[in-house]
Amino acid sequence: MSRTIRKRHLLAGLATAGVLGVGIAAPTIAFAADATPTPSASSTADGSGISKADRQGEFAEALAKELGVSADKVTAALEKVREQQRADRPERPSTEDRQAALKERLDQAVKDGKLTQEQADAITKAVEAGVFPGPGGHPGPGHRGPGGHGGFGGTAGK
């Protein structure tokens, strides 16, 4: 009899762990999928023909079914959490503010003798031309970057 009870406890524990895993992983996946803004809600990045909105709707329905609540309630909760995350994100400085900060840093580097004025001017021109990565470390115009054509480790000039 104790063996049967142990088996039941093990199965109950595994079932609980599974439900908790889905309850924790599902919102994390939803937030990760929502972290990258897309040009439109109906675009498809993977070419599957299923829009992001459709995938999110299917996800909300599956999660609602798993949790035993309505899909509307899950969708509303996910949207509320997304809005809270957006509100908590710091506002990005404007392009002008970033350029002014870079100019200050370069001027200080020239003053400290770490760079020449010519080097500082070259850096400024390179930034304006989009040679360095753009916001968030993503390649700027032309998508040049490490390993890309024309970037560090690329094939240009070889």
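Everything that follows concerns the structure shown earlier in this document.
Residues numbered from 1 in each chain as written. Predicted model: local features only at pLDDT ≥ 70, side-chain atom pairs only at ≥ 80, totals over all residues. Heavy atoms only, no water.

Trainee: Please explain the environment of leucine 106 as it appears in this structure.
Mentor: Within the secondary structure, leucine 106 is located in helix H4 (residues 95-111). For leucine 106, a relative accessible area of 8% gives the class buried. Placed 13 residues apart in sequence, leucine 106 and glutamine 119 show a C-alpha to C-alpha distance of 9.1 Å. (Helix = DSSP H or I, 4+ residues; strand = E, 2+ residues; numbered from the N terminus. Buried < 20%, exposed > 50% of the residue type's maximum accessible area, 1.4 Å probe, protein only.)

Trainee: Quick question: what am I supposed to make of helix H5 (residues 117-129) here?
Mentor: Taking 1.5 Å per residue as the helical rise, H5 with its 13 residues ought to reach 18 Å, and the 18 Å between its terminal C-alpha atoms agrees with that figure. Of the residues trailing H5, glycine 130 is marked for its positive phi of about 85°. (Expected span 1.5 Å × (residues − 1).)

Trainee: Can you walk me through H4 in this structure?
Mentor: In an α-helix there are 3.6 residues to a turn, and that puts residues three or four apart on one side. The end-to-end C-alpha distance of H4 is 24 Å, a good match for the 24 Å that 17 residues give at a rise of 1.5 Å each. Looking one or two residues past H4, glycine 113 carries a phi angle of roughly 80°, positive in sign.

Trainee: Before we go on, may I ask you to explain the nonpolar core in this structure?
Mentor: Ranked by size, the top nonpolar core spans five residues in total: Ala60, Leu63, Ala64, Val74 and Leu78. Elements with a contribution of two residues or more to this core: helix H2 (52-67) and helix H3 (71-88). Of all the elements, H2 adds the most residues to this core, at three residues. The contacts of alanine 64, once residues within four sequence positions are left out, are Val69, Ser70, Ala71 and Val74. (Core = buried A, V, L, I, M, F, W, Y, C linked by side-chain atoms within 4.5 Å. Contact = heavy atoms within 4.5 Å.)

Trainee: I tried to follow the environment of leucine 115 on my own but got confused; where do I start?
Mentor: When you line up the elements, leucine 115 lands in the loop between H4 and H5. Accessibility expressed as a relative area gives 22% for leucine 115, which makes it partly exposed. Not counting residues up to four positions away in its chain, the partners in contact with leucine 115 are Leu106, Ala109, Val110 and Ile123.

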